Amino acid sequence: MGLMRGFFIYLSHRRDLEGLFMKFSPTRNLAMRFVAGEKLEDAIRVVAELNKKGIYGTLDHLGENVSSREEAIRAANEYLRILDEIEKSGVKSHASLKLTQMGLDIGFEFCLENVKKIVEKAAKYNNFVRIDMEDSSYTDRTLEIFYKLHEEFGNHVGIVIQAYLYRSENDIKDLIKVGANVRLCKGAYKEPPEVAFPRKKDVDSNYIKLMKMLLDAHEKGVHTAIATHDENIINFAENYVRSNSIPEGKFEFQMLYGIRRDLQFKLAERGHTMRVYIPYGTEWYPYFMRRLAERPANVFFVVKNLLKG
Ligand code: FDA
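Throughout, residues of each chain are indexed from 1 in the direction in which the sequence is written. Reporting in this predicted model follows two pLDDT cut-offs: at least 70 for local features of residues, and 80 or more for side-chain atom pairs to be given and counted; totals over whole chains, interfaces and linings ignore these cut-offs and use all residues. By convention in this description, side-chain values take in all heavy atoms of the structure and omit both hydrogens and water.

Student: What's the story with the pattern of salt bridges in this structure? I'm lost.
Tutor: Note on pairing: side chains with opposite charge can pair once their charged atoms come close. Note on definitions: salt bridges are taken to be side-chain nitrogens of Lys or Arg within 4 Å of carboxyl oxygens of Asp or Glu. Going through the model one piece at a time under the given rule, you end up with 25 salt bridges. Put simply, Arg167 and Asp171 hold a salt bridge, and the shortest N to O gap is 2.7 Å. Note that Arg199 and Asp202 form a salt bridge whose closest N and O atoms lie 3.1 Å from each other. Each residue is placed in one exposure class: buried if its accessible area under a 1.4 Å probe, protein chains only, is under 20% of its type's maximum, exposed if it is over 50%, and partly exposed if it falls in between. For Asp202, a relative accessible area of 22% translates into the label partly exposed. When salt bridges with common partners are traced through the structure, they connect Lys186, Lys200, Asp204 and Asp230 into a single cluster.

Right, dumping it as structure tokens:
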């Protein structure tokens with residue numbers, strides 16, 4: 001892991017520094033490139049704009065690792081509101097959530113009940129909820145909650161697999177058996193070499209391998225969300241689906257709000273389903289630090305703005 005990457009992931013856990021960074025306007029301004037705004041209305045407006053360009057959304061209310069039941073219930077209620085607002089406004093969007101925001105650190109059953117209410121509502125609206133994947137200490141529990149909900153609500157709920165984890169190949173084999181809807185990403189957390197490939201090159205080749213496994217399983221009901229800004233992987237995927245006649249409805253591309261907009265528009269124009277992950281809310285600090293960790297060059301924007309005064 002690069003020094004800078006490690007440093008920003010370390011900062012993402014330093015919640016005591018959060019207030020400092022959040023008040024500091026250059027960081028705040030840069031963070032707003034990756035966040036749709038503080039309110040749900042801001043995020044709905046952003047999805048509507050993207051929809052006009054043929055791009056779909058998945059809304060994320062920022063927040064993670066809550067430590068009280070009240071906070072977790074409040075977060076779950078916000079997701080119910082997201083689904084209501086999507087339905088009411090008619091925008092084309094799903095929702096993505098994190099289990100630690102729904103109380104996973106408080107209790108497994110408590111978290112499951114909280115998320116169940118959300119997936120139930122998504123099913124009622126014929127919509128969809130994606131469970132994001134957090135660090136590897138949560139992987140087993142996240143998959144367990146996913147399988148329980150999937151059994152009851154089918155593909156109104158989906159999961160995320162991280163290509164940097166050694167275990168992911170086996171996890172994908174199991175997910176294929178139930179015809180799951182899987183978002184494949186590289187992985188954004190700091191993991192030890194015992195659980196994750198330390199070298200980017202190996203993460204990238206594992207991504208390709210896992211992506212092929214998922215795409216090849218399209219006839220078993222598997223839906224693959226190819227979540228990356230990596231042009232080599234995207235080009236590979238486009239060639240692969242074409243030469244293997246994988247129907248458009250069986251896969252989609254996903255990118256994060258504010259990153260590689262040019263490529264987002266290009267993929268939508270080429271007739272693919274392109275979905276953008278749109279976070280909103282006041283709790284942007286850890287999300288933003290992970291984005292800096294992925295591309296330390298982003299920090300130069302902060303410094304440049306700082307020097308401008
Ligand atoms: P890579 O890091 O190799 O970047 C490829 C290129 O993309 C770079 O060269 C640069 O041009 C651009 N780029 C990437 N990151 C950038 C940034 N921050 N700022 C500017 N440019 C950037 N992770 C996780 O652990 N759990 C999850 O649930 C999710 N969910 C998720 C959803 C979606 C829709 C996406 C796109 C990503 C995630 N991730 C995630 C994050 C993912 O694991 C990964 O950290 C990032 O996508 C960055 O990796 P890339 O695949 O883009 O490749």
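On we go from here.
Student: Help me understand the site of the ligand, please; the structure alone is not making it clear to me.
Tutor: The rule for a residue being near a molecule or strand is that one of its heavy atoms must lie within 4 Å of it. For the ligand, the set of nearby residues contains 24 residues, the closest of which are Gly187, Lys200, Thr228, His229 and Glu294. Polar contacts, as counted here, are pairs of nitrogen or oxygen atoms within 3.5 Å of one another; within protein the pair requires one atom able to donate a hydrogen and one able to accept it, and residues that are adjacent in sequence qualify only if both atoms are side-chain atoms. Here Gln162 contributes a side-chain N or O atom positioned 2.9 Å from an oxygen atom of the ligand. Between the ligand and Arg183, the relevant distance is 3.2 Å, taken from a nitrogen atom to a side-chain nitrogen or oxygen of the residue. Contact with the protein chains covers 86% of the free accessible surface of the ligand, which is 920 Å². Secondary structure counts use DSSP, requiring at least four H or I residues in a row for a helix and at least two E residues in a row for a strand, with both numbered from the N terminus. Those elements giving two or more residues to the shell around the ligand turn out to be β4 (157-162), β5 (181-185), β7 (251-256) and α12 (285-294). With three residues, the top contributor of residues to the shell around the ligand is β7. Residue classes follow a fixed rule: Ala, Val, Leu, Ile, Met, Phe, Trp, Tyr, Cys and Pro count as nonpolar, while Asp, Glu, Lys and Arg count as charged, and any other residue, Gly among them, counts as polar. Per-class residue counts for the shell around the ligand are 10 nonpolar, six polar and eight charged. Only the protein chains shown count as covering a residue, and every accessible area follows the Shrake-Rupley method with a 1.4 Å probe.

Student: Whenever I open this one, unusual backbone geometry confuses me. Can you help?
Tutor: Of all residues except glycine, most have a negative phi; of all peptide bonds, most are trans. One non-glycine residue with positive phi stands out, namely Asn126, at about 55 degrees. Checked against the element boundaries, Asn126 lands in the loop between α6 (108-124) and β3 (129-131). Of note in the backbone geometry, Ser245 takes a positive phi value of approximately 50 degrees without being a glycine. Looking at the secondary structure, you find Ser245 in the loop between α10 (231-243) and β7. Taking relative accessible area as the criterion, Ser245 reaches 60% and is therefore assigned exposed.

Student: Would you take a moment to explain the pairing of β7 for this structure?
Tutor: Residues in a regular strand point their side chains to alternate faces of the sheet. Across the six residues that make up β7, a large majority, six, are buried. A two-sided burial pattern is seen for β7, the buried positions comprising Phe251, Phe253 and Met255 on one face and Glu252, Gln254 and Leu256 on the other. With the strands aimed away from the viewer, a crossover counts as right-handed if its path from the first strand over the helix to the second runs clockwise. Each parallel crossover has a hand, and for strand β6 (residues 223-227) linked through α10 to β7 it is right-handed. A strand pair is defined by DSSP finding two or more bridges across the two strands. Across four bridges, β7 lies against strand β8 (residues 274-280) in parallel orientation. Bridged to Gln254 within β8 is Arg275.

Student: What am I meant to see in the sheet that holds strand β1 (residues 56-61) here?
Tutor: Across a sheet, paired strands are connected by hydrogen bonds in the backbone, their directions being either parallel or antiparallel. With parallel pairing, the eight strands of this closed barrel are ordered in space as β1-β2-β3-β4-β5-β6-β7-β8. Across the sheet, the axes of successive neighbouring strands diverge by a mean angle of 30 degrees, strand direction being ignored. Direction of pairing for strand β2 (residues 93-97) relative to β3: parallel, over a ladder of three bridges. Bridge pairing in β3 links Ala95 to Val129. Against the sheet, helix α9 (residues 200-216) engages β5, β6 and β7, with an angle of about 165 degrees to β5. Axis definition: a line fitted to C-alpha atoms, limited for helices to the stretch in contact. Angles are taken between N-to-C directions and run from 0 to 180 degrees. The criterion used for residue contact is that any of the two residues' heavy atoms lie within 4.5 Å.

Student: I keep staring at a positive patch on the surface and nothing clicks. Help me out?
Tutor: Patch membership needs two things, relative accessible area over 30% and no salt bridge, and members are linked within 9 Å if like-charged or within 5 Å if nonpolar (Val, Leu, Ile, Met, Phe, Trp, Tyr). Counted as positive: Lys and Arg. Counted as negative: Asp and Glu, with His and the chain ends omitted from the count. In this description, the location of a charge corresponds to atom NZ of lysine, CZ of arginine, CG of aspartate or CD of glutamate. Together, Arg33, Lys53, Arg261 and Arg295 make up a positively charged patch on the protein surface. Topologically, Arg295 is positioned in the loop between α12 and α13 (297-307).

Student: How do you make sense of the packing of aromatic side chains when you look at a structure like this?
Tutor: Aromatic rings considered in pairs are described by the distance between their centres and by the relative angle of their planes. For Phe, Tyr and Trp, rings pair up if their centres lie within 6.5 Å, where Trp contributes its six-membered ring, and each pair is then called stacked (planes under 30 degrees apart), edge-to-face (over 60) or tilted (otherwise). Within this structure, the stated rule accounts for eight aromatic pairs. Taking the centre distance of 6.0 Å and the plane angle of 85 degrees together, the rings of Phe251 and Phe253 count as edge-to-face. On the basis of relative accessible area, Phe251 is assigned to the buried category, the value being 1%. Owing to a relative accessible area of 1%, Phe253 belongs among the buried residues under this scheme. Positioned over the ring face of Tyr287 is Arg291, at 4.5 Å from the centre of the ring. The rule is short: NZ of Lys or CZ of Arg within 6 Å of the ring centre and within 35 degrees of the ring normal puts a charge over the ring.

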